[in-house]
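Survey of secondary and tertiary structure
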Amino acid sequence: MTNPLNNPAPRPDLDEELLRRLFQGPLVLEQVAHDLLLPPEQVRQSLQELSRLGYQITTFPHRGIILQHSPDILIADETRARLPENIFARQLRIFKETRSTNDLVFQAGVQGAPEGFCVLAESQTHGRGRNGRCWQTTAGKGLYLSLLFRPSWPPERAACLTYLTSVAFCRAAARLTGIRCGIKWPNDVLYQNKKIAGILTEARSQASRLEFAVVGIGINVHQQPGDFPEDLRARALSLGMAGAAANLRRAELLAVLLEETLRLYRAPWEDLRTEWKSLCLSTGQPLRIQCGRRIVEGQMIDIEENGHLVLRLPDGKIEVINSGEIL
Ligand code: BTN
């Protein structure tokens, strides 16, 4: 398996700098070369490289160099150019194919990678979901990534990172597409009762301390019904199928997702909890939950400080559930 820690650390990149400037408006080649203390030829070569990748960059005689169109590709330089201060963007590695991004980030976590380490893959050969299910990837059509968190929390709070990421995705989808998703406890993001994204949080603890947690998120972006396995077709949806514009770029979705993730990570838990409850489709609903071999029925009334679900049973008693699946 590829070891992401063996890859050289990303250097401050000319492509990144050029993209950052191009996103802001027209630029003048000689001015950029002067600012960066580089020969103009090197800047020209970097612009040509970006053009080869599909960025449509045109020089206009009086207006300068303008970025007219960006392709739907995922390159770390663009994410870093969009989010220069974001810890997830700064440590982003993008692979064409890997086993599972969660595996890579977990391995990196064991080896001491810092918080914010992030791996994205266009496709995964062994992508997985909760409860040992497999998560199928469609190259070029979805977003599949995993993030490393090292919060100083007790281990049982790891589930809160699932909530955080699902709220971040709901915010990102609403900001970029106007699509208002809902959350099905604990880890599914739905639109019109079909799954658009799933989150898998895997953690390692030492005694009473959470050593690190890996949060993997799989998002259906451009898939059409035929891209999903037949048995999932009736229950799966992509942002495109939900009405997002065909020119929605995964790179922009990624940037907004990472921005919202970091914003929520820095926000008070109470604010996140309130927002999560407002997005949760199960709040106040009667639920049947499979908890191991048991099925518990009751009305969802809250989530606790540590993320556990609070149910009111038919006899009025309260039951707290830390893990399970809504039937
Ligand atoms: C679920 O719905 O059960 C969770 C699905 C999580 C899928 C993502 S894709 C990126 C990361 N790598 C994996 O192997 N799984 C997660």
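The present account deals with the structure reproduced in this document. (Residues numbered from 1 in each chain as written. Predicted model: local features only at pLDDT ≥ 70, side-chain atom pairs only at ≥ 80, totals over all residues. Heavy atoms only, no water.)

The next subject is the site of the ligand. What surrounds the ligand is a group of 20 residues, the closest being Ser100, Gln124, Arg128, Arg130 and Lys195. Arg128 is positioned with one of its backbone polar atoms (N or O) 2.7 Å from a nitrogen atom of the ligand. Asn187 has a polar side-chain atom sitting 3.5 Å from an oxygen atom of the ligand. In the complex, 99% of the free accessible area of the ligand, which totals 410 Å², lies under the protein chains. (Near = heavy atom within 4 Å. Polar contact = N/O pair within 3.5 Å; in protein donor to acceptor, adjacent residues only side chain to side chain. Areas by Shrake-Rupley, 256 points an atom, 1.4 Å probe, with all protein chains shown as cover.)

In this section: the pattern of salt bridges. Tallied over the full model, the rule gives 34 salt bridges. Arg90 is paired through a salt bridge with Glu16; the nearest N and O atoms lie 3.4 Å apart. Note that Arg90 is positioned in helix α5 (residues 87-90) and Glu16 in helix α1 (residues 14-24), a separation of 74 residues in sequence. Under the relative-accessibility criterion, Glu16 is labelled buried at 2%. Each of Glu16, Glu17, Arg20, Arg21, Asp35, Asp77, Arg80 and Arg90 takes part in a single network of salt bridges with overlapping partners. (Salt bridge = Lys/Arg side-chain N within 4 Å of Asp/Glu carboxyl O. Helix = DSSP H or I, 4+ residues; strand = E, 2+ residues; numbered from the N terminus. Buried < 20%, exposed > 50% of the residue type's maximum accessible area, 1.4 Å probe, protein only.)

Taken together, the buried positions of α1 are Leu14, Asp15, Glu16, Glu17, Leu18, Leu19 and Leu22. Of the surrounding elements, those touching the buried residues of α1 are α2 (29-36), α3 (40-53), β1 (56-60), β2 (64-69), α4 (76-82) and α5. By the N-cap criterion, in which a side-chain oxygen at the helix start approaches the backbone nitrogen of a residue two or three places on, α1 is capped by Asp13, the distance to Asp15 being 2.7 Å. Within two residues after α1, Gly25 carries a phi angle of roughly 150°, on the positive side. (Contact = heavy atoms within 4.5 Å.)

Inspection of the secondary structure assignment puts Glu325 in strand β14 (residues 325-326). Glu325 sits in the partly exposed class, given a relative accessible area of 23%. Here the alpha-carbon distance between Glu325 and Gly292, two residues 33 residues apart in the chain, equals 9.0 Å. Once you skip the residues sitting within four places of it in the chain, Glu325 turns out to touch Arg130, Asn131, Arg133, Trp185, Arg288, Ile289 and Gln290. At a separation of 2.5 Å, a polar atom in the side chain of Glu325 contacts the side chain of Asn131.

Looking at where Thr137 falls in the secondary structure, it is placed in the loop between β4 (118-124) and β5 (142-149). A distance of 3.0 Å separates the side chain of Thr137 from the backbone nitrogen of Gln124, its partner in a polar contact. Here Thr137 is in contact with Ser123, Gln124 and Tyr144, once residues within four sequence places are set aside.

One finds Leu143, Leu145, Phe169, Ile219, Leu239, Trp276 and Ile289 to be the most contacted residues of the largest nonpolar core, which totals 68 residues. Apart from the residues within four sequence positions on either side, Leu239 is in contact with Phe169, Ala173, Ile179, Ile196, Ile219, Asn220, Val221, Ala244, Leu248 and Leu253. Ranked by size, the runner-up nonpolar core spans 17 residues in total, among them Leu18, Leu50, Ile65 and Leu67. (Core = buried A, V, L, I, M, F, W, Y, C linked by side-chain atoms within 4.5 Å.)

These figures come from the coordinates and say nothing about function on their own.
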